[in-house]
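Each chain is listed here by its residues.
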Amino acid sequence: MITVLAGGVGGSKFIRGLANHTPPSAIVAVINVGDDEEFYGLHVSPDLDTVTYALAGLGNDTAGWGIKDETFNALSMVKTLGDPGWFTLGDKDLGTHLYRTRRLKEGASLSTVTREITDAHQVSVKIVPFTDDPVRTKIIGRLRSNSNTPAEHDQPQLFSFQEYFVKHHHHVEISSIYYEGADTASLNAEVVSALLTCEKIFIAPSNPLLSVGPMLAVDRFKELLKKRRESTIAVSPIVAGAAIKGPLTDILNDLYGEASALSVARYYQPYVGTFVVDSQDSFFVKGIRDLNMNCVAVDTLMFDKEAETKLAGAIFEL
Ligand code: FO1
């Protein structure tokens, strides 16, 4: 059995590739909940949904989130009624949030509801939230002048993850990231046993600070990962100094002054025994080995399903 730690887009492609190399039921995908937020009174779990839809063959692969061939009739009605509607929820996707919200209100845990949803879609990869407790990524920073909205304040503001990522298109100069709720969150029993008993732990090429950071903010999770460092392999989400998708380049530059595979390796150093960089970054291999990590360079860009499978195969052989 293998455990994969992942967030949204980078995670779902990587997991899909792994499922072509090992029985999907032997994969436990431990997924981020830091992006979860309530919209229109409904609990939305973007990373859990992105991975579920991708593995169920329902995902909108172009956008990287939501359901393909979607309509947005309900959203246009709430906009007519005056709601800003900046978070685009499709009609079929709303069905997921209606179901999840009802079940949570009935007292079911997020992991129970996630299992009901994945069973209904016949997804055999075990997709579990890393915690059933509310851990939420908060961004503290200032709106960049080149964002779509003029800078509102000189002082840093607090944004929810989705305000930062979607409402402001991550045009925010980040001064810090805070994982609200991480100090009191407990891990799922399933997550603890997966981390302790699995053969290997793979960290998908997801955004380390936004997708794995919330998990590392929970002390118990950190402890468990440190115990399994030699069996843990991470794939760099930064290739040739740029993120494949999303705001990681800006975040690393804002927080660490550089955006490179090396800066990601440093972030993972206490938890990861082997770091995989893209072949374009092979000159970092020596510097990363000096961090007491194994390091290999392979083609990590998952531009199509074949590349996804190839990357997963290369990781399995390590
Ligand atoms: N990302 C956007 O950039 N714009 C959106 O309007 C948007 C809506 C949305 C609805 C449901 C969902 O599950 C994800 C959605 N995302 C949207 C992506 C979301 O912001 C994720 O958190 C990111 O993919 C990062 O993981």
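First, a word on what this report is: a plain description of the structure on this page. Keep in mind that this is a model prediction, so the values were computed, not measured.

About the thresholds
- Residues numbered from 1 in each chain as written.
- Predicted model: local features only at pLDDT ≥ 70, side-chain atom pairs only at ≥ 80, totals over all residues.
- Heavy atoms only, no water.
- Axes fitted to C-alpha atoms, helices over the stretch in contact; angles between N-to-C directions.
- Helix = DSSP H or I, 4+ residues; strand = E, 2+ residues; numbered from the N terminus.
- Parallel < 35°, antiparallel > 145°, perpendicular 65-115°, else oblique.
- Left-handed = near helix turned anticlockwise from the far one by under 90°.
- Contact = heavy atoms within 4.5 Å.
- Phe/Tyr/Trp six-rings, centres within 6.5 Å; stacked < 30°, edge-to-face > 60°.
- Buried < 20%, exposed > 50% of the residue type's maximum accessible area, 1.4 Å probe, protein only.

### Thoughts on the packing of helix α4 (residues 91-105) against helix α5 (residues 110-120)
Interhelical geometry of α4 versus α5 gives an angle of 140° and a closest axis separation of 10 Å. By the criterion of interaxial angle, the relationship of α4 to α5 is oblique. Read as a crossing pair, α4 and α5 show a hand that is right-handed. Across the interface between the two elements, Thr96, Tyr99, Arg100, Arg103 and Leu104 from α4 touch Leu110, Thr112, Val113, Glu116 and Ile117 from α5.

### Some points on the packing of aromatic side chains
According to the stated counting rule, one finds 10 aromatic pairs in the structure shown. For the ring pair Phe14 and Phe202, a centre distance of 6.3 Å and an interplane angle of 75° mean the geometry is edge-to-face. With Phe14 in helix α1 (residues 9-18) and Phe202 in strand β9 (residues 200-203), the pair connects residues that are 188 residues apart, well separated along the chain. By the burial criterion, Phe14 is buried, and Phe202 matches it. Ring pairs connect the aromatic residues Phe14, Phe202 and Phe316, which therefore count as one cluster.

### A look at the side chain of Ser45
Following the sequence through the fold, Ser45 ends up in the loop between β4 (42-44) and α2 (46-56). When neighbours within four sequence positions are excluded, Ser45 is seen to be in contact with Asp36, Arg100 and Leu110.

Honestly, it's all geometry; don't read function into it.
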